[in-house]
Amino acid sequence: MVAKAAADVIMCEESNTTVSVQYTTVSFRAADSLSVEFTRSQSVFGCSASIQATSLVSTASNFAPKIRSGSHTDIGPRSSNDDEHISIDDLSALLGTHCGWPQPSSFYAVFDGHGGSDASSYVKNNAIKLFFEDADLPETFDNDDKFFEDMKISHRKAFLLADQALANECSVRDSCGTTALTALVLGRHLLVANAGDCRAVLCRKGVAVPISQDHRPSYLPERKRIENLGGYIEYGYLNGELSVTRALGDHYMKLASGDLSPLTAEPDVEHVVLTEDDEFLIMGCDGIWDVMSNQEAVSLVRRQLRQHEDPHKCAMALIDQALRLDAFDNLTAIVVCFSAPAELRDDVCSEQPKLRRCSLSEEALSKLRSLLGN
């Protein structure tokens, strides 16, 4: 991982609207297992004001997403692929519907490992246990505000649970870690949690809206948090060693359990109320965002969906484009669509010139025959 610019310029190709915003397969069909006790809490800065300014909570509506997704990963120029990811379009089929959560329910995650793949593989293999079975989840959906505030708290605890599980897992070295980005869809609600420099970007009527904040030493609130806790930034790296400021694992850089550390596993968590304006979500590791802006990625996926309506092909196209742009890292992308294929179909056919039947007069036919020698 390397540090990269902390700003993108959003340009809507349809409306030419420009917005400056500050801020980088495995499909489960059955549950996995692990038990860990949550032992600590941490206080860190909340998500950036720039993300808040993009009006994440859209105007309420009766919109009900129709979920379908596709994902792809590539080793890139590296000698090994340390990325892992999860795509679960139907979470209720996996966990059961006894919680009474809004439907549809889906779960997606990208884990970008560093120092090897041990940490990312462990969290992926135990994700269902860590994020759902062992998590302190609200059981019933009674009130939007209270329910999703509880879900935010649960997600933060789940990330710290996963971090503690890595500390207790003897097969994972202390020098091994992973960033983590998760997305939970419950009805028309989207909950995104992030620790590290993977990124989630929403397409809203063709405009790229960042839902997560890259946790890099170049991001001023993270730099201030680190310095307040006794850490330092050297040559763009946390304590001169790590290019991210939040991650699971890497326990050689963390203080004892219960103490605040410059490197933390606590995520930022964002809640978005989806409407019919929200077309799809892109989740990707930093290898993609190193060479593509948010808007470039959104515009590419949107064009692809209009051609074939296949989110898997869209994820492949994102990675192929990143490779053409000389990406220098592992590459992983998930595309989550919120509408059924027929609703996303472009009016390409209707825009094509249509053949018309012409009728000629007898005089015109006679002249035509004479010209043709008949």
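The preceding data block contains the structure.
What counts and what doesn't
- Residues numbered from 1 in each chain as written.
- Predicted model: local features only at pLDDT ≥ 70, side-chain atom pairs only at ≥ 80, totals over all residues.
- Heavy atoms only, no water.
- Helix = DSSP H or I, 4+ residues; strand = E, 2+ residues; numbered from the N terminus.
- Buried < 20%, exposed > 50% of the residue type's maximum accessible area, 1.4 Å probe, protein only.
- Areas by Shrake-Rupley, 256 points an atom, 1.4 Å probe, with all protein chains shown as cover.
- Core = buried A, V, L, I, M, F, W, Y, C linked by side-chain atoms within 4.5 Å.
- Contact = heavy atoms within 4.5 Å.
- Polar contact = N/O pair within 3.5 Å; in protein donor to acceptor, adjacent residues only side chain to side chain.
- Salt bridge = Lys/Arg side-chain N within 4 Å of Asp/Glu carboxyl O.
- Phe/Tyr/Trp six-rings, centres within 6.5 Å; stacked < 30°, edge-to-face > 60°.
- Pairing = 2+ DSSP bridges.
- Axes fitted to C-alpha atoms, helices over the stretch in contact; angles between N-to-C directions.

Q: Mind laying out the overall build of the protein chain, listing which residues take part and the relevant values?
A: Counting secondary structure elements, the protein chain contains 12 helices and 15 strands. For the protein chain, the residues scored as buried account for 55% of the 374 residues in total. Counting only carbon and sulfur atoms, one obtains 48% of the accessible surface of the protein chain, whose full area is about 16,500 Å².

Q: I'd like to hear about the nonpolar core, residue by residue, with values.
A: Among the nonpolar cores identified, the biggest contains 38 residues, and L91, F107, F131, F132, M151, L184 and L248 are the most heavily contacted of them. Those elements that place two or more of their residues in this core are β4 (83–88), α2 (91–95), β5 (105–114), α3 (118–125), α4 (127–133), α5 (144–168), β6 (177–186) and β7 (189–195). Ranked by residue count, the leading element in this core is α5, at 9 residues. When sequence neighbours within four positions are dropped, the list of residues in contact with L248 reads V123, F159, A162, D163, L166, G177, T178, A180, A195, K254 and A265. Core analysis: the next-biggest nonpolar cluster, separate from the first, contains 24 residues, V201, V298, L300 and L318 among them.

Q: An account of the environment of I334 is requested, with residue identities and associated values reported.
A: Secondary-structure assignment places I334 in strand β15 (residues 331–337). A relative accessible area of 0% places I334 in the buried class. The contacts of I334, once residues within four sequence positions are left out, are G70, S71, H85, I86, S87, Y108, A109, V110, L281, I282 and M283.

Q: Go over the side chain of D163 with me, naming the residues and quoting the values.
A: In this structure, D163 sits in helix α5. Polar side-chain contacts of D163 include one of 2.8 Å to the backbone nitrogen of G249.

Q: Could you give me a rundown of the pattern of salt bridges, with the residues and numbers involved?
A: Under the criterion given, the structure shown has 16 salt bridges. For D329, the salt bridge is made with R78, and the minimal N-O distance between the two is 3.6 Å. Taken together, the residues span a long stretch of sequence, with D329 in the loop between α9 (311–324) and β15 and R78 in the loop between β3 (68–74) and β4 at a distance of 251 residues. In this structure, D197 and R216 form a salt bridge, with 2.8 Å as the shortest nitrogen-oxygen distance.

Q: Before we move on, could you go through unusual backbone geometry and cite the residues and values that matter?
A: With an omega dihedral of 0 degrees, the bond running from Q103 to P104 counts as a cis peptide bond. Mapped onto the secondary structure, P104 falls in the loop between α2 and β5. Non-glycine residue K205 carries a positive phi angle of around 50 degrees. Mapped onto the elements of the fold, K205 is located in the loop between β8 (199–204) and β9 (207–210). Overall, the relative accessible area of 53% leaves K205 in the exposed class. Even without a glycine there, the phi angle at Y235 is positive, about 55 degrees. In this fold, Y235 is placed in the loop between β10 (233–234) and β11 (237–238).

Q: Which residues make up the packing of aromatic side chains, and what are the values?
A: Across all of its chains, the model carries 4 aromatic pairs by this definition. Seen in terms of ring centroids, F107 and F131 are 5.9 Å apart; in terms of plane orientation they differ by 40 degrees. Their pairing is tilted. In this pair, F107 is assigned in strand β5 and F131 in helix α4, connecting sequence segments 24 residues apart. With respect to burial, F107 and F131 carry one shared label: buried. Consider the rings of F107 and F132, whose centres lie 4.9 Å apart with planes at 85 degrees: the pair is edge-to-face.

Q: Explain the pairing of strand β14 (residues 278–284) to me, using residue names and the numbers behind them.
A: On any regular strand, side chains alternate: one points to one face of the sheet, the next to the other face. Among the 7 residues in β14, 7 count as buried, and that is most of the element. Bridge analysis of β8 against β14 gives 6 bridges, and the strand direction is antiparallel. Paired with A200 across the two strands is M283, which belongs to β14. The pairing of β14 with β15 spans 5 bridges and is antiparallel. For L281, the partnering residue across the bridge sits in β15 and is V336.

Q: Go over the sheet that holds β9 with me, naming the residues and quoting the values.
A: Read across the open sheet, the 5 strands follow the order β3-β15-β14-β8-β9; overall the sheet is antiparallel. At either end of the open sheet lies a strand with only one pairing partner, and these are β3 and β9. Taking each pair of neighbouring strands and ignoring which way they run, the sheet shows an average axis angle of 20 degrees. Here helix α8 (residues 294–308) sits on the sheet in contact with β8, β9, β14 and β15, set at roughly 120 degrees to β14.

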